[in-house]
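Examining the three-dimensional arrangement
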Amino acid sequence: MIEQPNLNYVDELAGEDIEFRNQFITIIKDEFPLEKEEYHGHVSNKRIKATAEIVHKLKHKFNILGMENSYKLAVTYEMELLDGKNGSESKFNEVLETIEKYIKTI
Amino acid sequence: MNCIIIDDEATARAIVRQLCSKIPELDVIEEFDNAISAIKFLNQQNIDVIFLDIHMPGFSGVDFVQTLKEPPNIVLTTSDTNFAIAAYEYECIVDYLVKPITLDRFEKSIKKIWGLTTKQPKSIIESKQDSVEGDDLYINIDRRLVKLKLNEISVIEAKGDYIDVKTEKEEYRVHTTLKRIKEKLPEKLFLQIHRSYIINFTKIIDIEDNSVLIAKNVVPISRSNRPELMRRLNLL
């Protein structure tokens, strides 16, 4: 089962700074769909290096959203891509779907 | 301390900015989503600390470090410790922070930088210890120590046993000599252009023949000091 994202890290950083929390959520909501789309575009067009680059970028969001196991999966997937493999692709895609659903709720 | 943030990801920049906001002594002057823009900025501005992402598309953090002639303290922000360890060969890289960065770890990094900045050559510490602290200058006015921001001073004029320190808003008379205060001022901002005048050359409005206009002050340039002034100016 895929772990669920959370805002624990963001809340810890924000403390009582609601403005930062809201600003941060806005950035995630703006950036994530674009990066997900970019990722799928690179996968469809078999642009391996570009896929690895965007996976690298996306994995930070896993980290920020408290998804440690998904982060490790992304690290593995990035390495696979650089070796011309893609064994973790479907699991990685599931994580993206999970995050997409989650950010619609925050 | 002033700092800039370089990271191609807006989320990462927002996090570092938030961490900086928890340290009152740290001012974020600017943030950049690419290293090239930061290089242009650094050509015009002096910075104490750079928080730098290593892994950026096109022009990486390491490429960036290699281009800097006089790099300030650099703290790498990265998820890849291998990259960070390799980058440690550069003297200017004083620490690396693994994402996601915690406040505790961030504070340790800042303390480390403060530790480094106090380990300046002894001569520099001695010349600054009684009245200069970072970007501020404390002057003694009627037994009160008044703090002035160095970058707000435009002209310092010798008046016998006194000097007049002029900012754009105020003027202060201090019992000291031009020579003594000169030792306490950063060369990057101040220049003596006449035996009776030191100027903040970033405040120059224009130069005409043998005088300089700074704020509302017309300051003479001595013949012997003119070559150094001209050398310091960014002449077209």
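Please read all numbers here as calculations on a predicted model, not as lab measurements. (Residues numbered from 1 in each chain as written. Chains lettered and ligands numbered in written order. Predicted model: local features only at pLDDT ≥ 70, side-chain atom pairs only at ≥ 80, totals over all residues.)

1. Side note on the overall build of chain B
When its secondary structure is counted, chain B shows eight helices and 16 strands. Counted over contacts in chain B with a minimum sequence separation of 6, partners at least 24 positions apart contribute 48%. (Helix = DSSP H or I, 4+ residues; strand = E, 2+ residues; numbered from the N terminus. Contact = placed C-beta atoms within 7 Å.)

2. Brief notes about the overall build of chain A
Within chain A, the regular secondary structure consists of five helices and zero strands. Ordered by position in the sequence, the α and β elements of chain A form the string α-α-α-α-α. A burial count over chain A gives 27% of its 106 residues as buried. Counting only contacts in chain A whose residues sit at least 6 apart along the sequence, the fraction spanning at least 24 positions is 49%. (Buried ≥ 20, exposed ≤ 12 C-beta atoms within 10 Å, placed from the backbone.)

3. Side note on the UniProt feature "modified residue: 4-aspartylphosphate" (unreviewed entry) in chain B
Residues and elements named next belong to chain B. In the UniProt entry, the feature "modified residue: 4-aspartylphosphate" (unreviewed entry) is given for Asp53. Among the secondary structure elements, Asp53 is positioned in strand S3 (residues 49-53). Asp53 has contacts with Ile6, Asp7, Asp8, Ala12, Gly61, Thr77 and Thr78, leaving out every residue within four places of it along the chain. (UniProt positions renumbered as here; feature names shortened; annotations may be inferred.)

4. Quick word on the nonpolar core
Of all hydrophobic cores here, the largest spans 52 residues; its most connected members are Ala74 of chain A together with Ile6, Ile50, Phe51 and Leu52 of chain B. Considering every element that reaches this core, the biggest residue donor is helix H1 (residues 10-21) of chain B, with six residues. Once residues lying within four places of it in the same chain are set aside, the contact partners of Phe51 of chain B are Cys3, Ile5, Val16, Val75 and Thr77 of chain B. Listed in part, the 17 residues of the second largest apolar core include Ile153, Ile156, Leu185 and Tyr197 of chain B. (Core = buried A, V, L, I, M, F, W, Y, C linked by C-beta atoms within 7 Å.)

5. Digging into the sheet that holds strand S4 (residues 73-78) of chain B
Note on sheets: strands pair through backbone hydrogen bonds, and any given pair is parallel or antiparallel. All names here are of chain B. Pairing is parallel across the open sheet formed by five strands, whose spatial order is S2-S1-S3-S4-S5. Pairing within the sheet leaves two strands with one partner each, and these edge strands are strand S2 (27-32) and strand S5 (93-98). For this sheet, the mean angle separating the axes of adjacent strands, direction not counted, is 20 degrees. Pairing of S3 with S4, which is carried by five bridges, proceeds in the parallel orientation. Following the sheet pairing, Ile50 is matched in S4 by Ile74. Along the sheet face, helix H2 (residues 35-42) touches strand S1 (2-6) and S2 and points at about 155 degrees away from the line of S1. (Pairing = 2+ DSSP bridges. Axes fitted to C-alpha atoms, helices over the stretch in contact; angles between N-to-C directions.)

6. A short note on helix H5 (residues 89-103) of chain A
Residues and elements named next belong to chain A. An ideal rise of 1.5 Å per residue puts 21 Å on 15 residues; H5 measures up with 21 Å between its terminal C-alpha atoms. Taken together, the buried positions of H5 are Phe92, Val95, Leu96 and Ile99. Considered in projection along H5, the buried side chains sweep an arc of 100 degrees and stay on one side of the axis. Set apart from the buried face of H5 by more than 90 degrees, the exposed residues are Ser90, Glu97, Glu100 and Lys101. (Expected span 1.5 Å × (residues − 1). Arc of directions from axis to C-beta.)

7. A look at the interface of chain B and chain A
With 13 residues of chain B at the contact, the number on the chain A side is 16 residues. At six residues, the largest contribution of residues to the side of chain B that touches chain A is made by H1 of chain B. When grouped by side-chain class, the residues that make up the side of chain B that touches chain A number seven nonpolar, four polar and two charged. (Nonpolar A, V, L, I, M, F, W, Y, C, P; charged D, E, K, R; others polar.)

8. Details of the packing of helix H3 (residues 48-64) of chain A against helix H4 (residues 68-82) of chain A
All names here are of chain A. Between H3 and H4, the least distance of the axes is 9 Å, while the angle of their chain directions is 170 degrees. Compared by their axis directions, H3 and H4 come out roughly antiparallel. Residues Ile48, Thr51, Ala52, Val55, His56, Leu58, Lys59, Phe62 and Asn63 of H3 form the contact with H4, whose participating residues are Ser70, Tyr71, Ala74, Val75, Tyr77, Glu78, Leu81 and Leu82. Here the contact of H3 with H4 is built from residues that sort into eleven nonpolar, four polar and two charged. (Parallel < 35°, antiparallel > 145°, perpendicular 65-115°, else oblique.)

9. Some points on the sheet that holds strand S15 (residues 211-214) of chain B
Residue and element names in this part refer to chain B. Taken in spatial order, the three strands line up as S14-S15-S16 in an open sheet, and their pairing is antiparallel. With one partner strand each, in any of the chains shown, strand S14 (204-208) and strand S16 (217-220) form the two edges of the open sheet. Averaged over all pairs of adjacent strands, the angle between their axes in this sheet comes to 25 degrees, without regard to strand direction. By the bridge criterion, four bridges tie S14 to S15 in an arrangement that is antiparallel. By the bridge assignment, Glu208 is partnered in S15 with Ser211.

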